[in-house]
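Descriptive structure summary
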Amino acid sequence: MVEHRRWNDILAYAILILGVFIVVFPVYVALIASTHDAATVVNGNMPMLPGSHTLENYYRAIFVGGSRASREPVGHMLMNSFVMAMGIALGKIVISILSAYAVVYFRFPFRQTAFWIIFVTLMLPVEVRIYPTYKVIADLKMLDTYAGLILPLIASATGTLLFRQFFMTIPDELLEASRIDGAGPFRFFKDTLLPLSVTTMAALFVIQFIYGWNQYLWPLLITTQESMQTIVTGIKKMLTTTDELAEWQLAMATAILAMLPPVAVVVFMQRLFVRGLVETEK
Amino acid sequence: MANVSLRNVRKTYPGGFEAIKGIDFEIGDGQFCVLVGPSGCGKSTLLRMVAGLETVTSGEVDIGGRVVNEIEPADRDIAMVFQNYALYPHMSVYNNMAYGLRNRGMPKPEIDTRVREAAQTLELAGMLDRKPRQLSGGQRQRVAMGRAIVRQPKVFLFDEPLSNLDAKLRVAMRVEIRKLQRRLKTTSIYVTHDQLEAMTLADILVVMNGGQVEQIGSPLDIYRKPATTFVASFIGAPPMNLIRLSGDEIRAQFAGDSRSAAETGILGVRPEDLAISSEATADGGITLNLTVEAIERVGAETFVYGTRARAEKAVSATPGELPEGEVIVRIPGQDAPAIGASIRATAPRDKLHLFSADGRNRIDI
Ligand SMILES: Nc1ncnc2c1ncn2[C@@H]1O[C@H](COP(=O)(O)OP(=O)(O)O)[C@@H](O)[C@H]1O
Ligand SMILES: [Mg+2]
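Each residue is numbered by its place in its chain's sequence as written, counting from 1. Ligands are numbered from 1 and chains lettered from A, in the order in which they are written. A pLDDT threshold of at least 70 governs which residues receive local features in this predicted model, and a stricter bar of 80 or more applies before side-chain atom pairs are shown or counted, although totals over entire chains, interfaces and linings include all residues. Only heavy atoms go into the side-chain values, all of them from the structure, while hydrogens and water stay out.

Looking at an unreviewed UniProt entry, one finds chain B named Glycerol-3-phosphate ABC transporter ATP-binding protein, with Tardiphaga robiniae as its source organism. UniProt positions are given in the numbering used here, feature names are shortened, and annotations may be inferred rather than shown by experiment. Comment text from UniProt for chain B, heading Sequence similarities (unreviewed entry), reads "Belongs to the ABC transporter superfamily." Recorded in UniProt for chain B, the comment headed Subcellular location (unreviewed entry) runs: "Cell inner membrane".

Looking at an unreviewed UniProt entry, one finds chain A named sn-glycerol-3-phosphate transport system permease protein UgpE, with Tardiphaga robiniae as its source organism. As its UniProt record puts it under Subunit (unreviewed entry), chain A is described as follows: "The complex is composed of two ATP-binding proteins (UgpC), two transmembrane proteins (UgpA and UgpE) and a solute-binding protein (UgpB)." In its Sequence similarities (unreviewed entry) section, the UniProt record describing chain A reads: "Belongs to the binding-protein-dependent transport system permease family."

Considerations on the site of ligand 1
Residue and element names in this part refer to chain B. Tyr-13, Phe-17, Ala-19, Ser-39, Gly-40, Cys-41, Gly-42, Lys-43, Ser-44 and Thr-45 make up every residue found near ligand 1. Here an oxygen atom of ligand 1 and a backbone polar atom of Lys-43 are 2.9 Å apart. One of the side-chain nitrogen or oxygen atoms of Thr-45 is found 2.5 Å away from an oxygen atom of ligand 1. The method behind every accessible area is Shrake-Rupley, applied with a 1.4 Å probe, and residues are considered shielded solely by the protein chains displayed. Protein contact buries 60% of the 560 Å² of open area that ligand 1 shows by itself. In terms of residues, the shell around ligand 1 owes the most to one element, helix α1 (residues 43-51), which gives 3 residues. Proximity criterion: a residue is near a molecule or strand once any of its heavy atoms comes within 4 Å of it. Two N or O atoms form a polar contact when they lie within 3.5 Å of each other; inside protein one atom must be a possible hydrogen donor and the other a possible acceptor, and for residues adjacent in sequence the pair counts only when both atoms belong to side chains. Secondary structure follows DSSP: runs of H or I at least 4 residues long count as helices, runs of E at least 2 residues long count as strands, and numbering of each begins at the N terminus.

Considerations on the pattern of salt bridges
Residue and element names in this part refer to chain A. A pair is scored as a salt bridge if a Lys or Arg side-chain nitrogen falls within 4 Å of a carboxyl oxygen belonging to Asp or Glu. Taken as a whole and judged by the stated rule, the model has 23 salt bridges over all chains. In this structure, Asp-139 engages Lys-135 in a salt bridge whose closest nitrogen and oxygen atoms are separated by 3.2 Å. Remark: Lys-135 and Asp-139 occur in helix α6 (residues 130-139); sequence separation between them is 4 residues, near one turn of the helix. The buried label applies to any residue whose accessible area, calculated with a 1.4 Å probe on protein chains only, is under 20% of its type's maximum; exposed applies above 50%, and partly exposed to all values in between. Here Asp-139 falls in the partly exposed class, since its relative accessible area comes to 47%. What makes Lys-135 partly exposed here is its relative accessible area of 42%.

Structure follows, in structure tokens:
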């Protein structure tokens, strides 16, 4: 029996290590590539050990931008991405908690219909509705603005569903006790629902921040000015040069930099996040 | 300080289910009223209509001389204790109690005085900073009580507040609640399905069944003179023995008083009024010849389950409570006949109850 268990453990670890290796190896390659000069990276024999151009590459990526094309420095693109991701994550939380509140706690005509319409939008991600969305944003003169980057992405069926499920686990008696305690709909929301939803909000924030951060198609479409470039579209543009060699070492340095904020968010919010997914404080 | 009157109150749920079928009664100022009945009979529904948590389909709910049908729960001057306590999980004990007062805009110092006073009464003084999840079941129950008493409402409403506690704590809290209510003299309505709780707490007992009132009265009056076989078998444990009698049997049994005129009926006799005896009763009481089927010794007393030798027709108003033909005899002490023995159980005439054949009416002399 004991033998048996040990082999199971070993097998489990082997599979986990293999999985981690598959995920981590490309990141490692990117990290290594960002420490060599252009010549080393393009010659096809990627070294497996760090090179000596780390500081130079990162300095250029952050402050200068690629020298040959007139690119934005990464610092500014990171800033744009951050604003967009924050806007999307916070916007989604606000919109979805409010709509879930309406759907769960208020009796109004077509309540169920409203819920199903929200639900159906799960099947309509940005990519599917991109042309009409573009048209609307263009007509509203929001091209090349933060509002244009953020607003079309903040409607969230996922978030609404998540909050709805959570609200439905809150015992009705809590609402009734609030009513007897003289708390109207707004006070109940502010004093009871919001505090109880903190962990759910944290979980949603992490997921949606990363979702916002990784947006590619939408920012690519509506930003034309270099100054509104996000980092994810920026990396892509670094690689599509027409007449010159792509500066892979800079692109890789940028990719590594692009990973840091989402990682920071996950690490920072990890405790809340895990708690939100695993248990709810009721 | 308030009376509560219900006037022909009805409730039909949106699905069309009629949960309350016309209820009328009045609770005097400062009285402790207990609603008791089997699960699903509409006790909570009725209580929640008084609280304002359910709409009243028709009729009037009157608190302190004011019809409150259309008034919000917060403005009815009531406080409610829920079965699952419904404490705010994210608020400290202090804030749980203070929340309702703050929403009313009461000045801070007064809130503080009231909360601390309530905490003192309920022995929560050392726990004001804790969250509900850091409390035991009994302590949570006290916080729920505290939240009600700081409000100093006209009426307390309790919906099975003790049913989540273990048996011992339940008895202790029951006594506490009664003492507290006596001291505060606040009109109270208390819902329970536990007849023992009902008997011990009530000034007025309202026995409900199927959305209707079966009987209202003081607990002892109801115990002594149950109005229907339902009440007879619901109040008192073990339940009253009910035995269907033919016209002839009634005439024989009740010869000499007006009850003998009944054509058919149901005879009731409480287990505690039966005694095991070697002699048949001479004074017009009842004698039952039983075969002992089972014995339950609970220490101070013993329950003897027997079937009637003439294997017939004990009836039970609440199905499942007392199987056909079974009679329970409750005797003091631990001495009991052997299983399988034939015994004779007797009860004096003044301990016999008679109900109409459908069990809906009591027949008195
Ligand atoms: N919201 C509701 N909608 C429809 N029927 C209900 C609702 N609440 C309770 N009922 C029904 O009304 C009856 C009485 O319920 P309730 O008052 O909770 O009973 P009790 O508290 O006496 O156990 C039950 O049959 C129950 O199924
Ligand atoms: Mg109930």
